[in-house]
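Structure at a glance
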Amino acid sequence: MYKPGWPALKMDWNDYLLRHIEWGWATFGTPQDGRGPKGPLDHALKEVKEIEANPADITEWIDAIILTIDGYFRAAGDADVLKLERLAFLSGVEYQSWTNPLVSLKDTLTKLLDQPDSLELWRHAIFLSMVGYVQLNEGSTNEMLMQLFAKQRKNFNRDWPDWRKSDPDKAVEHVRGKHD
């Protein structure tokens, strides 16, 4: 998972975000390249359908977390404001109070269709994705960061099409076959 120029892996939230942003910008372009939050939003809505089909598939909830984080940054979100460790803690504390985080996530993502640059909605979507994950783990957030790093490693090893040839408002899908 190590990439040239990166410090040694720390396995903390800040390290995850550093690698998320650097790899994502290199693989899918930057907001300055015209790659805003609509692509991750399109992909997150597809993940919601996959979660609806199999709500107990923890990997789909991890995908939702990753895509909502990406949407937040592509909407000009600030890493200093986004405290993933705090959101993870709160999701562990509050997971029982959300009767259906999937419905709330779907509603939030639907609102983002009209307000794709709303940082408040993106942060809420990240939180709801984490709550859905934590509900499957009965309140435990211990595995979440490790699962995020594992999915990040898998994504690093996938083949991705040239983002410059794709619609900036649509999901960029990896080439099927390797590391599915």
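Residues numbered from 1 in each chain as written. Predicted model: local features only at pLDDT ≥ 70, side-chain atom pairs only at ≥ 80, totals over all residues. Heavy atoms only, no water.

**With respect to the overall build of the protein chain**
Worth spelling out the cut-off: To qualify as a helix, a DSSP run of H or I must reach at least 4 residues; to qualify as a strand, a run of E must reach at least 2; elements of each kind are numbered from the N terminus. Just to be clear, the radius of gyration here is over C-alpha atoms, and the globule rule we use is 2.2 Å times residues to the power 0.38. Remark: exposure states derive from per-residue accessible area (1.4 Å probe, protein chains only) relative to the maximum for the residue type, with buried under 20%, exposed over 50%, and partly exposed in between. Contacts between residues were defined by any pair of non-hydrogen atoms, one from each residue, lying within 4.5 Å. Here the Shrake-Rupley method, with its probe set to 1.4 Å, supplies the accessible areas, and only the displayed protein chains count as covering residues. In summary, the charge assignment counts Lys and Arg as positive and Asp and Glu as negative, without counting His or the chain termini. By convention, charge coordinates are those of NZ in Lys, CZ in Arg, CG in Asp, or CD in Glu.
Within the protein chain, the regular secondary structure consists of seven helices and zero strands. Taken from the N to the C terminus, the helices and strands of the protein chain come in the order α-α-α-α-α-α-α. For 180 residues, the compact-globule estimate of 2.2 N^0.38 gives 16 Å, and the C-alpha radius of gyration of the protein chain, at 15 Å, lies within 12% of that figure. Here the protein chain holds 180 residues, and the buried ones make up 46% of them. Across the protein chain, the fraction of contacts at a sequence separation of at least 24, relative to all contacts at a separation of at least 6, is 73%. Entry remark: accessible area of the protein chain is about 9,100 Å², with carbon and sulfur atoms responsible for 51%. The protein chain carries 22 positive and 28 negative side-chain charges, and their two centres are separated by 4 Å.

**Observations regarding the packing of helix H1 (residues 13-28) against helix H4 (residues 84-94)**
Note the threshold: Only the stretch in contact is used when fitting a helix axis, every axis being a line fitted to C-alpha atoms; angles between N-to-C directions are given from 0 to 180 degrees. Throughout, the term roughly parallel applies to angles under 35 degrees, roughly antiparallel to angles over 145, roughly perpendicular to angles from 65 to 115, and oblique to all others. Three classes are used: nonpolar for Ala, Val, Leu, Ile, Met, Phe, Trp, Tyr, Cys and Pro, charged for Asp, Glu, Lys and Arg, and polar for all others, with Gly counted as polar.
For the pair H1 and H4, interaxial distance at closest approach is 9 Å and the crossing angle is 120 degrees. Here H4 runs oblique to H1, going by the angle between their axes. Where H1 approaches H4, its residues Trp 13, Tyr 16 and Leu 17 are matched on the opposing element by Leu 84, Glu 85 and Ala 88. In terms of residue class, the contact of H1 with H4 is built from five nonpolar, no polar and one charged.

**Structural notes on the environment of His 20**
Examined against the element boundaries, His 20 turns out to sit in helix H1. Each C-alpha atom of the pair His 20 and Gly 77 lies 13 Å from the other, and the pair is 57 residues apart in sequence. Contacts of His 20, omitting those with residues within four sequence positions, involve Ile 66, Ile 69, Asp 70 and Gln 152.

**Concerning helix H2 (residues 38-53)**
Where we set the bar: A helix is expected to reach a length of 1.5 Å times the quantity of its residues less one.
End to end, H2 covers 23 Å across 16 residues, agreeing with the expected 22 Å (1.5 Å per residue, within 8%). Three or more residues of H2 are buried, namely Gly 39, Pro 40, Leu 41, Asp 42, His 43, Ala 44, Glu 47, Val 48 and Ile 51. In this fold, the buried residues of H2 make contact with helix H3 (58-74), helix H5 (101-114) and helix H6 (119-136).

**Things to note about the environment of Pro 161**
In this structure, Pro 161 sits in the segment after helix H7 (144-156). On the basis of relative accessibility, which here comes to 33%, the residue Pro 161 falls in the partly exposed class. Separated by 11 residues in sequence, Pro 161 and Val 172 have C-alpha atoms that sit 7.5 Å apart. When sequence neighbours within four positions are dropped, the list of residues in contact with Pro 161 reads Val 172, Glu 173, His 174 and Val 175.

**A look at H1**
In plain terms, the rule: Under this definition, polar contacts are N or O atom pairs within 3.5 Å; protein pairs additionally need one hydrogen-donor-capable and one acceptor-capable atom, and for neighbouring residues in sequence, both atoms have to be side-chain atoms.
The terminal C-alpha atoms of H1 lie 21 Å apart, and with 16 residues this matches the ideal 22 Å at 1.5 Å per residue to within 8%. By the burial criterion, the buried members of H1 are Trp 13, Asp 15, Tyr 16, Leu 17, Arg 19, His 20, Trp 23, Gly 24, Thr 27 and Phe 28. Residues of H1 that are buried make contact with H3, H4, H6 and H7. The N-cap of H1, judged by a side-chain oxygen 3.2 Å from the amide nitrogen of Asn 14 a few residues on, is Asp 12.

**Concerning the packing of aromatic side chains**
Formally: Between rings of Phe, Tyr and Trp, where Trp is taken as its six-membered ring, a pair exists when centres lie within 6.5 Å; planes separated by under 30 degrees are stacked, by over 60 edge-to-face, and by other angles tilted.
For the structure shown, the criterion picks out seven aromatic pairs. Ring pairing ties together the aromatic residues Trp 23, Phe 28, Phe 156 and Trp 160, which thus form one cluster.

**Describing the nonpolar core**
Heads up, the rule is: By nonpolar core we mean a set of buried residues, namely Ala, Val, Leu, Ile, Met, Phe, Trp, Tyr and Cys, connected to one another through side-chain atoms within 4.5 Å.
Among the nonpolar cores identified, the biggest contains 40 residues, and Tyr 16, Leu 84, Leu 109, Met 130 and Met 144 are the most heavily contacted of them. Only H1, H2, H3, H4, H5, H6 and H7 provide two or more residues apiece to this core. Of all the elements, H6 adds the most residues to this core, at 10 residues. Apart from residues no more than four positions distant in its own chain, Leu 109 is found in contact with Leu 41, Ala 44, Leu 45, Val 48, Thr 68, Trp 122 and Ala 125.

Remember that the coordinates give geometry; whether it matters functionally is a separate question.
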